[in-house]
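Understanding the architecture of this molecule
Read off the chains here:
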Amino acid sequence: MNPQGERWTAETVLALAPDAASRKAGSKLAVPGPWAGAGARPEGGGGAVWGECSGSGSTPYRTVVDLSGEGGPGFNCSCPSRKFPCKHALGLLLLWAAGEAAVPVAQDAPPGWAGQWLDRRRQRAERATAGPGAAAPATPADEEAARRRGERRAARISAGVTELEQRLTDLLRGGLAAAEGTGYGQWDETAARMVDAQAPGLASRVRELASLRGSGADRAGRLLEECALLHTLNQGWLRREELPDPLAATVRSRVGLTTDAAALLASGPPVRDHWLVLAQRDSDDGRLVTRRIWLHGRGSGRAALLLSYGAAGRTPELSLPVGLSVDADLVYYPAARPLRAVLGARHAPPVESPGPPPGGSVEAALSAYGEALRDDPWLEAWPVVLEDVIPVPPPAPAPSPSPEVNGWQLADAEGGSALAVDPRTRDSQGLWQLASISGGAPVTVFAEYGHGGAVPLATWGPELVAL
Amino acid sequence: MNRTWDELVTTALLGTTRRMPPVPPVRVRGGQDVASALLDAAAVETVRRRAGAVPAVARARPEPAPGDVRPPLPPAARRRLALLLADRGSTGGGRRGAAPDLTELLPQWLAAANRHGYQAPAALLPALLEAARARTDLRSEALVLGGPRARWLAGLNPQWKYALRAGPAAGPAAAGPADSRVWEEGLFAERAAYLTSLRRRDPAAARELLAGAWPTERAEDRLMFLDVLREGLSAADEPFLERTLSDRSRNVRATAAELLSALPGSALAARMAERARSCVSLDRTGGTGITGFGEGPRITVEAPHECDKDMQRDGVVVKPPSGRGERSWWLSQIVEAAPLAAWRERFGGRSPAGIVALPVTDGWQPELHAAWCRAAVRQRDAEWARALLGPASEPPAAEGTSWRDPAKLLSALPPEERAEWVAEFVSAHGLSDAFRLLGVCAVPWAEPLGRAIVDALDTARDAGGYPWSFSGVMGLAERCLDPAQADRLEVLTAQPQEPDGGPAAPGAAAAGAGAYWGEAFQRLVGTLRLRATMLAELSGPAGRPA
């Protein structure tokens, strides 16, 4: 990761933290007190840091960090934490980053427990580099079986889609008003049918419909919008053979068919660039933690979105240092409007980034989303960089009680145009941070903009600040 | 707003069996269901609407925030502040564990940062304002650090209104004509804040301002405004206060009298001295047959027989609290308000220590000494406070039974002397009565106080106590000990060896306590080191200007 053998900065370490609580907990452990037998191996020979941290239990936790992994640093700790990296790993790295005395460069090999894990990890990495060729080659019989499995699933989805179409047309025939009183039960049941039909994308859209029904003033309009788009998706699936390949890929992924990341990495064309890590956000729906990492390619000017998942309550593994720039390969998932990508080889450690990417006005953001919709009509939002906008807080006294409006705007510094901030933006602390950094002056804002409004994700003041 | 869309929605609401969809946009292709055709048209319209959305009309943008010329925090200090603010509220009641309690360090971090004259990073202002909203003890330092931008931001968010009331004294914001408008038109809290800040800048101007508005103010407001004069009180305030003694409100009169009595040169103080002299005198005759005093001079007390109009005007309250005789009540008020300097002359040039040592006849000693204590605190008279405190090695009286309140008396002593007295007290009597006394000592604790506390904690551990019996003092020590004590304390974090020398017997009670002490000392050392780091970070190279 760091060929010069330098120690990382505290920022680099803290950027790896999965959340604010971990940053805090890790920083508390970044004192020599609890650590024993801490040591480091210089970068050249496969950099690593290790140490034993005495906590409240009787045995200390053994923490080891592999600094030189191909896919970023690796962490291992005997603590039961489900955060990744855990506070011990962060604390140890912070202590190491702070300098020589606390975590000296070890003259000897790391202790057994650390050495074994490091070796295993290295071996695994070597096997992976050896490539798919190392794995047993697929036999024609295997391929045939996979093809049949695929066909069976497609048939099941088609049956589900047909049923959903029936449900939607019935609804429109009888009228949305008449369906008003029937409650959520029917939608939940339909969602469950879509899960059975192995179309999780459709299932979650149906669940969205159910949550729309009870809320908002013009919910009839919103319900019609979503029903219509769902209908279009159904029709797209039923006629996917007639669609151009990229659009068909979009339909497939929106219905819920996934592409295997490893296979994609092996087959897709990599896009190498200096990817600026703009923002990282986790959302937890109770079943799954989804981490979104937004990237901007310095050379290509392209946007990319990495997704990483963790089981309920667990932090997803992938973590990139927000604000830094990573020289790496990305492979985009095939789509009519490629955005989601998978991270491939990293060619150098993350470096400081020279500032925000070029941005545009409010108009430009609107048309960026509009054009993206031309390719992918189901697109909820598109990442945009807004230049010279002024955040406008809700007017005092309290904004209108309608949940449709939270009152925040991002206004062009010149002229009368503004983007409404998505009223679903619950975290007003982030918006106030944005207002504070702006101080009423124009700032650059990285946001997602969609039909629901803008969701500010980062700004520059002058370094990148995640909101 | 869009007729086509509205018609589609209306049709969808009623259902295609009841209403035919509008043509165009709905075109039913051969063999297609009408409802399906409606959905097709709605999809096209939806995407058209989303893709063709026009910008919202920008509302009035906020006024630009005033500039702040103070240097930004060094990067490490900036991260520290973020951590301290993030920790807010997350540590629940339980204080066990070896990790420092960050929430408790925020006040001293803010104070230290303000001594350096840094500005707060803009990105952390919302968290800072939120923290200070919840904790009033943080407010003044937080608002100084936040400076003009924090005030600007608070003006945009009704939740942070409190920050606007603190007045321009916090931070270098300009005080302009807008401020005097606040005095004339503002709410009470805003006016009080304005007066307070003006008093700090220009005591005389504040007094003039108040005197000008005096007759038109309501009684309870007059009382609060009068309280503002407590800060920066000087002889120049006397004429105004003397006039205020004739105020309509009794509480206002009492406060004015109290303020005047804190001015030893005031006419009121002279009147009180005169009254006190007539009540308290030195009896040189000695040997008048009273047993127990032996020979020599003694103090005799003749409490006032009535509380006349003049006494009342000077703030003496007629009616005693229940359970007290009215004559002793009047006496104590007179002695409390009389300038202490008058007693030297009254008692033949004796020093305060000499006067305090004099025997008092007829059981008046507690009453008289208690009044002197209050006078010493009010007049901030170190010599008297010292005399009344007595040597620290004397055993402390049980709570509530003594006329002395050492913590209050200590506050009238210079800081080094306070620390010395408390150190001696702790060495002599341990920690059990030390909590309130430690509260008045300057932070960080000067030597020999720190050393005495560490020794006392060590003694408490050896005596087999449990650390949570001392959690109050422990918590104070974490915040107030000089970080330089950390090395000395390090040895205490080790668990004591079992006396047998053999393997520690598991389950032994002492061993259990030893582990808890180890942890408590670990947290103490950890907190001290963290405080040292925090201070070093603030002295680090300045950050990039924001």
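Residues numbered from 1 in each chain as written. Chains lettered and ligands numbered in written order. Predicted model: local features only at pLDDT ≥ 70, side-chain atom pairs only at ≥ 80, totals over all residues. Heavy atoms only, no water.

Structural notes on the pattern of salt bridges
Within the structure shown, the criterion is met by 46 salt bridges over all chains. Arg254(A) is the salt-bridge partner of Asp376(A), the closest N and O atoms lying 2.7 Å from each other. Of this pair, Asp376(A) sits in the loop between helix H12 (362-375) and strand S11 (381-392) while Arg254(A) sits in helix H10 (residues 245-255); the two residues are 122 residues apart in sequence, bridging distant segments of the chain. On the basis of relative accessible area, Arg254(A) is assigned to the partly exposed category, the value being 25%. Between Arg277(B) and Glu274(B) there is a salt bridge, with its nearest N and O atoms 3.1 Å apart. Of this pair, Arg277(B) and Glu274(B) both sit in helix H14 (residues 267-279), three residues apart, which is roughly one turn of the helix. A residue is classified by how much of its surface remains accessible, and Arg277(B), at 21% relative accessible area, is partly exposed. Since its relative accessible area comes to 46%, Glu274(B) is described here as partly exposed. Several salt bridges share partner residues, and in doing so they unite Arg205(A), Glu225(A), Glu226(A), Arg49(B) and Arg50(B) into one network. (Salt bridge = Lys/Arg side-chain N within 4 Å of Asp/Glu carboxyl O. Helix = DSSP H or I, 4+ residues; strand = E, 2+ residues; numbered from the N terminus. Buried < 20%, exposed > 50% of the residue type's maximum accessible area, 1.4 Å probe, protein only.)

So, the domain arrangement of chain A
All names here are of chain A. We note that the domain assignment places domain 1 (10-131), domain 2 (144-255), domain 3 (269-352) and domain 4 (362-466) within chain A. Each of domain 1 and domain 3 has a C-alpha centre, and these two points are 23 Å apart. On the side of domain 3, 15 residues touch domain 1, which itself brings ten residues to the contact. When the two sides are added together, the surface that domain 1 and domain 3 hide from each other amounts to roughly 1,000 Å², 47% of it contributed by carbon and sulfur. Connecting domain 1 to domain 3 are zero salt bridges. Between domain 1 and domain 3 we count zero residue pairs in polar contact (both at pLDDT 80 or more) in total. A breakdown of the residues in the side of domain 1 that touches domain 3 according to their chemical character gives four nonpolar, three polar and three charged. (Domains from an automatic or database assignment. Contact = heavy atoms within 4.5 Å. Buried area = accessible area lost by both parts, 1.4 Å probe. Polar contact = N/O pair within 3.5 Å; in protein donor to acceptor, adjacent residues only side chain to side chain. Nonpolar A, V, L, I, M, F, W, Y, C, P; charged D, E, K, R; others polar.)

Concerning the interface of chain A and chain B
Each side of the interface is counted separately: chain A has 67 residues, and chain B has 61 residues. For the pair chain A and chain B, the summed buried surface comes to about 5,000 Å²; carbon and sulfur atoms form 62% of the total. In terms of surface lost to chain B, no three residues of chain A exceed Lys28(A), Arg173(A) and Trp432(A), which account for 13% of the buried area on that side. Seen at the junction of chain A and chain B, the total is four salt bridges. In this assembly, chain A and chain B are joined by 27 residue pairs in polar contact (both at pLDDT 80 or more). Among the elements that make up the side of chain A that touches chain B, the one with the highest residue count is helix H9 (residues 219-238) of chain A (ten residues). Considering only residue class, the side of chain A that touches chain B consists of 33 nonpolar, 21 polar and 13 charged. Both strand S13 (residues 417-420) of chain A and strand S1 (residues 56-57) of chain B contribute to a ladder of two bridges, which runs antiparallel. Bridge pairing links Ser417(A) to Val57(B) in S1(B). (Pairing = 2+ DSSP bridges.)

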